[in-house]
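Remarks on the overall topology
Okay, here's what each chain looks like letter by letter:
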Amino acid sequence: MSASTTEFQQTALARVAPGTLLRAGLDRILLARTGALVVLGDAAEVLEICTGGFLIEAAFSPQKLFELAKMDGAIILSANGTRIVRANVHLVPDPRLVTTETGTRHRTAERVASSVDAVVVAVSEELSVISVYYRNHKQTLQPIPAVLSRASQALSTLERYRERFESVLTSLVPLELNGQVTFRDVLFALQRGEMVRRIGAEIEGYLLELGTDGRLLALQSAEISLDFEERFDSLIFDFLGYSDPIEIEAVRDSLASLSTDDVTDLRTFAGWVARQAICEPLRQINVDHQGDLSLFTLPSRGSRILSNISRIPTAAVRVLLDRYPTLDAIRSASEQELGALDEIGPDWARVIREALGVTPIVTPLER
């Protein structure tokens, strides 16, 4: 999902989602089949393209919107939709602006939305549909049952991909401890993670469109996506060489700009990862001229493994990651060396070495 599409959903679709007063008024207009043209914004640039009509300056209510829609002109609301500013207004956008619409109301709506910073809503009198325009984007609202059905399917897909992502991360742990993680293993993990992120973003769009009708789906989506961002960021941290949260966010944004085909094609995706990475082993890989991606082993920094040690303080993990460049380096450190570090001490040093499989864990029975 592009940034511009996300902005459209958050700015435009959320304004007309079920549960909002504006949507209640639009639904009344749909049932009466009267049609309407509504502009959410009363800035100077909007008022400059308005002629005629009359001043209202009244608090918004669905009933008032419905009654005013019986007139032919457009209705101007405040940007937040809480006030009705004008009614029966004739909008005069630049006629040279390109539009793909055919009906007069919808042609005007598209031109207004592309010329001013305002959300424009057109309700078709004949087709009984609501079309939302914002800048160069348009979306015709679908019936709620249809949106719920698509959102439910996407949620099932999200759950499956999240399970696969966690399965891949789990399989990485023994490979990391033994220094056997290959470039191909990392690519599979990043692929699964990015697909989880993309499906989650798609569901967010559905939830914005569903409004209050999507509350249960929102709870399910939040449960499935719990801790995902942290897990995905730690994967980038462990293998691509980035430490700064801002840099990691930039990598995620760059990854989001790839097409789905580029993400799912292993060779194309490998080339992108090799170019993005700043860790030396990855930068030396020439994906275009070298064959089996399983031939290249990559060191792990071990942030995920360290964070999973029971009750270990976050400060202790941070000290280890700052002090040692790789997980192998941490495992090679002696208990005395680890114990001398701030925030760790001898007790945590022993626990860390046991958790990393360096010192055998002695059970009470064996004692």
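1. Thoughts on the overall build of the chain
A count of helices and strands for the chain gives 18 helices and eight strands. By the compact-globule yardstick of 21 Å for 367 residues, the chain is too spread out, its C-alpha radius of gyration being 28 Å. In terms of its C-alpha atoms, the chain occupies a principal-axis envelope of roughly 85 × 50 × 35 Å. A burial count over the chain gives 45% of its 367 residues as buried. Accessible surface, the chain as shown: approximately 18,500 Å² in total, 51% of it carbon and sulfur. Taking the average location of the 37 positive side-chain charges in the chain and that of its 49 negative ones, the two points are 4 Å from each other.

2. A short note on the packing of helix α7 (residues 183-210) against helix α9 (residues 228-240)
Running from N to C, α7 and α9 point in directions that differ by 150°, and their axes come no closer than 11 Å. Classified by the interaxial angle, the pair formed by α7 and α9 is roughly antiparallel. The crossing of α7 and α9 is left-handed. Contacts between α7 and α9 involve Val 186, Ala 189, Leu 190, Gly 193, Glu 194, Val 196 and Arg 197 on the former and, on the latter, Phe 228, Glu 229, Phe 232, Leu 235, Ile 236, Phe 239 and Leu 240.

3. Structural notes on the nonpolar core
Among the nonpolar cores identified, the biggest contains 66 residues, and Leu 190, Leu 235, Phe 269 and Leu 320 are the most heavily contacted of them. Not counting chain neighbours up to four residues away, the residues in contact with Leu 235 comprise Phe 165, Leu 169, Leu 172, Ala 189, Leu 190, Leu 240 and Arg 304. In terms of nonpolar packing, the next biggest core, distinct from the first, is built from 26 residues, Phe 8, Phe 60, Val 121 and Val 123 among them.

4. Topic: the packing of aromatic side chains
Overall, the coordinates contain four aromatic pairs when judged by the stated rule. Ring geometry for Phe 228 versus Phe 232: centroids 5.6 Å apart, planes at 10°, classification stacked. Taken together, the positions of Phe 228 and Phe 232, both in helix α9 and four residues apart, correspond to about one turn of that helix. By the burial criterion, Phe 228 is buried, and Phe 232 matches it. Ring centres of Phe 269 and Trp 272 lie 6.1 Å apart, and the angle between their planes is 10°; this geometry places the pair in the stacked category. On the criterion of helical spacing, the pair formed by Phe 269 and Trp 272 is a turn pair, its members being three residues apart in helix α12 (residues 266-276). Summarising the burial analysis for this pair, Phe 269 and Trp 272 share the class buried. Taken together through their ring pairs, the aromatic side chains of Phe 165, Phe 228 and Phe 232 make up a single cluster. Taking the ring centre of Tyr 161 as reference, the NZ or CZ of Arg 164 above it sits at 5.1 Å.

5. Structural notes on the environment of Val 132
If you trace the backbone, Val 132 turns up in strand β7 (residues 130-134). With residues near it in sequence (within four places) discarded, Val 132 still touches Phe 8, Ala 12, Leu 13, Val 16, Val 119, Val 120, His 137, Lys 138, Gln 139 and Leu 141.

6. Concerning the pairing of strand β8 (residues 137-140)
Sheet topology note: the β7/β8 ladder contains four bridges and is antiparallel. Of the residues in β8, the one forming a bridge with Tyr 134 is His 137. Counted between consecutive antiparallel strands, the loop separating β7 from β8 contains two residues, among which Arg 135 sits at a positive phi close to 55°.

Each value, and the rule that gives it
- Residues numbered from 1 in each chain as written.
- Predicted model: local features only at pLDDT ≥ 70, side-chain atom pairs only at ≥ 80, totals over all residues.
- Heavy atoms only, no water.
- Helix = DSSP H or I, 4+ residues; strand = E, 2+ residues; numbered from the N terminus.
- Rg over C-alpha atoms; globule rule 2.2 N^0.38 Å.
- Buried < 20%, exposed > 50% of the residue type's maximum accessible area, 1.4 Å probe, protein only.
- Areas by Shrake-Rupley, 256 points an atom, 1.4 Å probe, with all protein chains shown as cover.
- Lys, Arg positive; Asp, Glu negative; His and termini not counted.
- Charge placed at Lys NZ, Arg CZ, Asp CG, Glu CD.
- Axes fitted to C-alpha atoms, helices over the stretch in contact; angles between N-to-C directions.
- Parallel < 35°, antiparallel > 145°, perpendicular 65-115°, else oblique.
- Left-handed = near helix turned anticlockwise from the far one by under 90°.
- Contact = heavy atoms within 4.5 Å.
- Core = buried A, V, L, I, M, F, W, Y, C linked by side-chain atoms within 4.5 Å.
- Phe/Tyr/Trp six-rings, centres within 6.5 Å; stacked < 30°, edge-to-face > 60°.
- Lys NZ or Arg CZ within 6 Å of the ring centre and 35° of its normal.
- Pairing = 2+ DSSP bridges.

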